[in-house]
Every structure is written in structure tokens, then in C-alpha cells.
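Reading the structure
What follows is the residue order along each chain.
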Amino acid sequence: MSTFLSCIHLIVAILMSAAVLIQQRRQGGFSGVFGGGTQPDAGQWQRFTGLTKITIVLATVFMLTSFLLVYVS
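So, here is what we can say about the structure in this document. (Residues numbered from 1 in each chain as written. Predicted model: local features only at pLDDT ≥ 70, side-chain atom pairs only at ≥ 80, totals over all residues. Heavy atoms only, no water.)

Counting its regular elements, the protein contains 4 helices and 0 strands. Sequence-ordered secondary structure for the protein, helices as α and strands as β, is α-α-α-α. Out of the 73 residues belonging to the protein, those deemed buried represent 14%. Long-range contacts, defined as pairs at least 24 residues apart, comprise 80% of the intrachain contacts of the protein with a sequence gap of at least 6. Of the roughly 6,000 Å² of accessible surface on the protein, 69% is carried by carbon and sulfur atoms. (Helix = DSSP H or I, 4+ residues; strand = E, 2+ residues; numbered from the N terminus. Buried < 20%, exposed > 50% of the residue type's maximum accessible area, 1.4 Å probe, protein only. Contact = heavy atoms within 4.5 Å. Areas by Shrake-Rupley, 256 points an atom, 1.4 Å probe, with all protein chains shown as cover.)

This part is about the side chain of Thr-65. Mapping Thr-65 onto the fold places it in helix α4 (residues 50-72). One polar contact links the side chain of Thr-65 to the main-chain carbonyl oxygen of Phe-62, over a distance of 2.9 Å. Apart from the residues within four sequence positions on either side, Thr-65 is in contact with Ile-8 and His-9. (Polar contact = N/O pair within 3.5 Å; in protein donor to acceptor, adjacent residues only side chain to side chain.)

Another aspect to go through is the environment of Ile-11. For Ile-11, the location among the structural elements is in helix α1 (residues 2-22). Taking C-alpha positions, Ile-11 is 9.4 Å from Phe-62, a pair spaced 51 residues apart along the chain.

Structure (C-alpha cells):
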């Protein structure tokens, strides 16, 4: 079980790294990072690009596999 989780964890880590590196750079600086934009918060998930959504899902799976690996060991 630990070997299977480790393989999934490694694959997700590689995919997440690729998804982050492929994304385009924004010119917002730190104001966009901390939510300093002028757009309202309603419907924020719809404003994300497809690549950003994939990155969020991969990060969530990465965290879950990390917790499962600690729990199994």
C-alpha cells in the first residue's frame, strides 16, 4: 500500500510541477496573491483558468497523499 501511494504521490508531484511551470505569468504582483484585486469574490471559481483549476486539484491530491503516506507509515 505504501509503495502504491508513493508512486501516486510522485506522479502527482511531477504533474503539479509541470502545471505550475506552464502557467502564464500575471502582472498583478503581490496584490493579486493576497486578494488585493478590485473584482468581487462572488464566483471566483469561474474566473480561474482551466490550468489553475487543474493545479488546485493536483495540490489537493498531493496533500491528501502526503497525509495518507504519513498515516500508513
